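Below are the chains, spelled out letter by letter.
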Amino acid sequence: MIQALILSFQSLTDRRVALLLVKVIALTLAAFVLIGIGLWVGLDALFDWLQLADDGTWSALLSAAISLLAAVLLFRVVAVAITWIFADDIIDAVEDRHYPHHADTGKRPGLATGVKMAIRSVIRVIAYNLLALPVYVLLLFTGIGTAIAFLFVNALLLGRDLEDMLIARHGQDHGSIRKLPRLLLGLLGTAGMLVPVLNLFVPVLATAMAVHMVHSGVAKL
């Protein structure tokens, strides 16, 4: 698994992967900028409707604060959803360079399938985290329990997302990942997404790592 992690970082030296990384980062940042602008306009309109005196300062400050909170809570959802759109291209680049035989035998699912799976992923992560919300609240008094539960739930979901990308291309027999490696992959990805700056690279790195795990046999151990 360590080898798969090292290879995923080496994948960034591939021009195709590097360009895809730039696209994913740009679109992720653009998504949160649009969220911030939308909140600003919405709050400005709300203050006008409530007839509250505001020169735009409070709506700007509130939208910035909410956008920052959204970036923390929703980064994984937005980043992975955008990565789904480019998942085929990322997997193509990694397989062409390291696993040409599997690149020839794999069946590219296409953009439409990627978008459908992205929507399914977003719905799943929102639903599971809402279901886990009472547990998160109950564990607040422990100080660290909520963070551990959040990591565990989202690690399971991210591992499942990454496995689905490979199954869509190579089928259940070759694309599936055993539970423990999948959980560890999800934990690495979820924890990485909580680290500023690194979180921008994690979706592409995690996708590349999943490819290496599946084709190197680590996922089957």
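1. Remarks on the layout of surface pockets
At step 1: The computed volume of the largest pocket comes to approximately 460 Å³.
At step 2: Around the largest pocket, the lining comprises 18 residues; the ones closest to its centre are Leu73, Leu74, Asn129, Phe150 and Asn154.
At step 3: Breaking the lining of the largest pocket down by element, the ones donating at least two residues are helix H3 (57-98), helix H5 (111-138) and helix H6 (145-175).
At step 4: When grouped by side-chain class, the residues that make up the lining of the largest pocket number 13 nonpolar, four polar and one charged.
At step 5: Estimates place the volume of the second largest pocket at around 160 Å³.
At step 6: As for the second largest pocket, its lining consists of Leu5, Ser8, Phe9, Leu185, Leu188, Gly189, Gly192, Leu198, Val202, Leu205, Ala206 and Met209.
At step 7: Residue assignment for the lining of the second largest pocket shows that the elements contributing at least two residues are helix H1 (2-10), helix H7 (179-192) and helix H8 (198-216).
At step 8: Here the residues of the lining of the second largest pocket are counted per class, giving nine nonpolar, three polar and no charged.

2. A word on the pattern of salt bridges
At step 1: A complete count under the given rule lists 10 salt bridges for this structure.
At step 2: In this structure, aspartate 161 and arginine 124 form a salt bridge, with 2.6 Å as the shortest nitrogen-oxygen distance. Placement of aspartate 161 in helix H6 and of arginine 124 in helix H5 is noted, with a sequence separation of 37 residues between them. The exposure classification of aspartate 161 matches that of arginine 124, with both residues buried.
At step 3: Residues joined by salt bridges that share partners form a network here, namely Asp88, Asp89, Asp92, Glu95, Arg108 and Arg169.

3. Overview of the packing of H7 against H8
At step 1: Packing of H7 against H8 leaves a shortest axis separation of 8 Å and a crossing angle of 165°. Regarding the angle of H7 to H8, the classification is roughly antiparallel. Note that H7 runs across H8; the crossing there is right-handed. Contacts between H7 and H8 pair Pro181, Leu185, Leu188, Gly189 and Gly192 from the former with Leu198, Asn199, Val202, Ala206, Met209, Ala210 and Met213 from the latter.
At step 2: Class assignment of the residues belonging to the contact of H7 with H8 gives a composition of nine nonpolar, three polar and no charged.

4. Thoughts on the nonpolar core
At step 1: In this structure, Leu162, Met165, Leu166 and Leu185 are the most contacted members of the largest nonpolar core, which totals 40 residues.
At step 2: For this core, the elements supplying multiple residues, two or more each, are H1, helix H2 (15-49), H3, H5, H6 and H8.
At step 3: When residues in this core are grouped by element, the largest group, 12 residues, is from H3.
At step 4: Apart from the residues within four sequence positions on either side, methionine 165 is in contact with Trp84, Ala87, Ile91 and Thr207.

5. Focus on the packing of H5 against H6
At step 1: Interaxial distance between H5 and H6 falls to 10 Å at its minimum, and their mutual angle equals 160°. It follows that H5 is roughly antiparallel to H6 by the angle criterion. Between H5 and H6 lies a crossing of right-handed hand. Contacts between H5 and H6 involve Met117, Ser121, Arg124, Val125, Tyr128, Asn129, Ala132 and Tyr136 from the former and Thr146, Ala149, Phe150, Val153, Asn154, Leu157, Arg160, Asp161, Asp164 and Ala168 from the latter.
At step 2: By residue class, the composition of the contact of H5 with H6 is 10 nonpolar, four polar and four charged.

6. Considering empty space enclosed by the protein
Any empty space left between the atoms is revealed when a probe the size of a water molecule rolls over them.
At step 1: One pass over the structure, following the stated rule, counts two cavities of 30 Å³ or more.
At step 2: In terms of lining residues, the largest cavity is bounded by 13 residues, among which Trp84, Ala87, Asp88, Pro109 and Gly114 are the most central.
At step 3: Among the secondary structure elements, those contributing two or more residues to the lining of the largest cavity are H3, H5 and H6.
At step 4: Take the lining of the largest cavity: its biggest share by element is five residues, from H3.
At step 5: By residue class, the composition of the lining of the largest cavity is nine nonpolar, two polar and two charged.
At step 6: A volume near 30 Å³ is recorded for the second largest cavity.
At step 7: Sorting the residues of the lining of the second largest cavity by element identifies H3, H6 and H8 as the ones contributing at least two each.
At step 8: Looking at the lining of the second largest cavity residue by residue, the classes come out as seven nonpolar, two polar and no charged.

What counts as what
- Residues numbered from 1 in each chain as written.
- Predicted model: local features only at pLDDT ≥ 70, side-chain atom pairs only at ≥ 80, totals over all residues.
- Heavy atoms only, no water.
- 1 Å grid on protein atoms, 1.4 Å probe; cavity = no way out; pocket = protein on both sides within 12 Å on 5 of 7 lines; lining within 4 Å.
- Points joined across faces, edges and corners; volume = space filled by probe spheres on them.
- Helix = DSSP H or I, 4+ residues; strand = E, 2+ residues; numbered from the N terminus.
- Nonpolar A, V, L, I, M, F, W, Y, C, P; charged D, E, K, R; others polar.
- Salt bridge = Lys/Arg side-chain N within 4 Å of Asp/Glu carboxyl O.
- Buried < 20%, exposed > 50% of the residue type's maximum accessible area, 1.4 Å probe, protein only.
- Axes fitted to C-alpha atoms, helices over the stretch in contact; angles between N-to-C directions.
- Parallel < 35°, antiparallel > 145°, perpendicular 65-115°, else oblique.
- Left-handed = near helix turned anticlockwise from the far one by under 90°.
- Contact = heavy atoms within 4.5 Å.
- Core = buried A, V, L, I, M, F, W, Y, C linked by side-chain atoms within 4.5 Å.

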